[in-house]
Amino acid sequence: MKPVPHATSLRRAPVQRRSAERLTRILDACAELLDEVGYDALSTRAVAQRAGVPIGSVYRFFGNKRQMADALAQRNLERYVERVTERLKKAGTGDWRAAMDAVLDEYLGMKRTAPGFSLVDFGNQIPVGSRHAEPNTRVADRLTDLLAGYVGRLPDADLRRAFLVAVESADTLVQLAFRIDPQGDEAIITETRELLRAYLGRVLD
């Protein structure tokens, strides 16, 4: 079954398989509608109709569309971590450059293909157009915990700070790349990759 958000993002956590499947349908519908109508026009009623569930089922999990978008962002992060983990299984342990390629490539892949991702990503843009730092800190913490052993480092404060700087820098540059080109300007993405390697090389080499 596809991952569902952590219980803290929900009014009520799904207990039975049927309830979890309904939550998945609701979040899938939310993601599709975000791409079709945008955040401002998104409504819980439209999500319920698209998901084929009673409106009460939506309100059982979410009090409003902001909470629903937050839950979608958390699910995006879980799926992203899964994708990076799968990529790392194919790379040699200790090759931090291959690990950074996986981190950036999987983000770009979701940015280009995952429904709703371009609007909410990991929560940085909820509500759309209003960016804040907390989701990037969450992403950096998850990557630190995931990659520390892989690159032969302890997940200490220094490594967390380095990954946070890398995440914040990459986030800004990737947003620029996608403003220039809806599929991501390759020249900017190449510069982003080089910047990450140059910066992290001081920490990880």
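Further up the page is the structure itself.
Draft legend 1. Expanded view of the overall build of the protein chain. Scanning the protein chain from terminus to terminus reveals nine helices and zero strands. In the protein chain, the order of α-helices and β-strands from amino to carboxyl end is α-α-α-α-α-α-α-α-α. When the 205 residues of the protein chain are sorted by exposure, 44% land in the buried category. Considering only contacts in the protein chain between residues 6 or more positions apart, those separated by 24 or more positions represent 64%. Split by element, the accessible area of the protein chain, about 10,200 Å² in all, is 51% carbon and sulfur.

Draft legend 2. Up close: helix α5 (residues 96–113). Helix length check: α5 (18 residues) gives 26 Å between terminal C-alpha atoms against 26 Å at 1.5 Å per residue, within 8%. Of all the 18 residues making up α5, 13 are buried; the element is thus mostly covered by neighbouring parts of the structure.

Draft legend 3. Fine view of the nonpolar core. Tyr80, Met100 and Leu147 are the most contacted members of the largest nonpolar core, which totals 38 residues. The residues contacting Met100, other than those within four sequence positions of it, are Leu147, Phe163 and Leu200. Of all hydrophobic cores here, the second largest spans 22 residues; its members include Leu23, Tyr39, Leu42 and Val58.

Draft legend 4. The arrangement of the packing of helix α8 (residues 157–180) against helix α9 (residues 186–204) in detail. Put simply, α8 and α9 touch, their axes get as near as 9 Å, and they point 170 degrees apart. One finds that α8 runs roughly antiparallel with respect to α9. For the pair formed by α8 and α9, the contact residues are Leu159, Arg161, Ala162, Val165, Ala166, Ser169, Ala170, Leu173, Leu176, Ala177 and Ile180 on the first element and Ile188, Ile189, Thr192, Leu195, Leu196, Tyr199, Leu200, Val203 and Leu204 on the second. The residue inventory of the contact of α8 with α9, partitioned by class, reads 17 nonpolar, two polar and one charged.

Draft legend 5. Highlighting the side chain of Asn76. Mapped onto the secondary structure, Asn76 falls in helix α4 (residues 65–89). Residue class for Asn76 comes out buried when judged on its relative accessible area of 3%. Contacts of Asn76, omitting those with residues within four sequence positions, involve Met110, Phe117, Val120, Asp121 and Phe122.

Draft legend 6. The arrangement of the packing of aromatic side chains in detail. Throughout the structure, instances matching the rule amount to six aromatic pairs. Look at Tyr80 and Tyr107: their rings are 6.4 Å apart centre to centre, the planes differ by 85 degrees, and that puts the pair in the edge-to-face class. Taken together, the residues Tyr80 in helix α4 and Tyr107 in helix α5 connect sequence positions 27 residues apart. Side by side, Tyr80 and Tyr107 carry an identical accessibility label, which is buried.

Draft legend 7. Representation of the packing of α5 against α8 in the model. Here α5 crosses α8 at 40 degrees, and the two axes come no closer than 12 Å. When the interaxial angle is binned, α5 and α8 end up oblique. α5 and α8 meet at a crossing whose hand is right-handed. Touching Met100, Leu104, Tyr107, Leu108, Lys111 and Arg112 of α5 are Phe163, Asp171, Val174, Gln175 and Phe178, all from α8. The residue inventory of the contact of α5 with α8, partitioned by class, reads seven nonpolar, one polar and three charged.

Thresholds applied
Residues numbered from 1 in each chain as written. Predicted model: local features only at pLDDT ≥ 70, side-chain atom pairs only at ≥ 80, totals over all residues. Heavy atoms only, no water. Helix = DSSP H or I, 4+ residues; strand = E, 2+ residues; numbered from the N terminus. Buried < 20%, exposed > 50% of the residue type's maximum accessible area, 1.4 Å probe, protein only. Contact = heavy atoms within 4.5 Å. Areas by Shrake-Rupley, 256 points an atom, 1.4 Å probe, with all protein chains shown as cover. Expected span 1.5 Å × (residues − 1). Core = buried A, V, L, I, M, F, W, Y, C linked by side-chain atoms within 4.5 Å. Axes fitted to C-alpha atoms, helices over the stretch in contact; angles between N-to-C directions. Parallel < 35°, antiparallel > 145°, perpendicular 65-115°, else oblique. Nonpolar A, V, L, I, M, F, W, Y, C, P; charged D, E, K, R; others polar. Phe/Tyr/Trp six-rings, centres within 6.5 Å; stacked < 30°, edge-to-face > 60°. Left-handed = near helix turned anticlockwise from the far one by under 90°.

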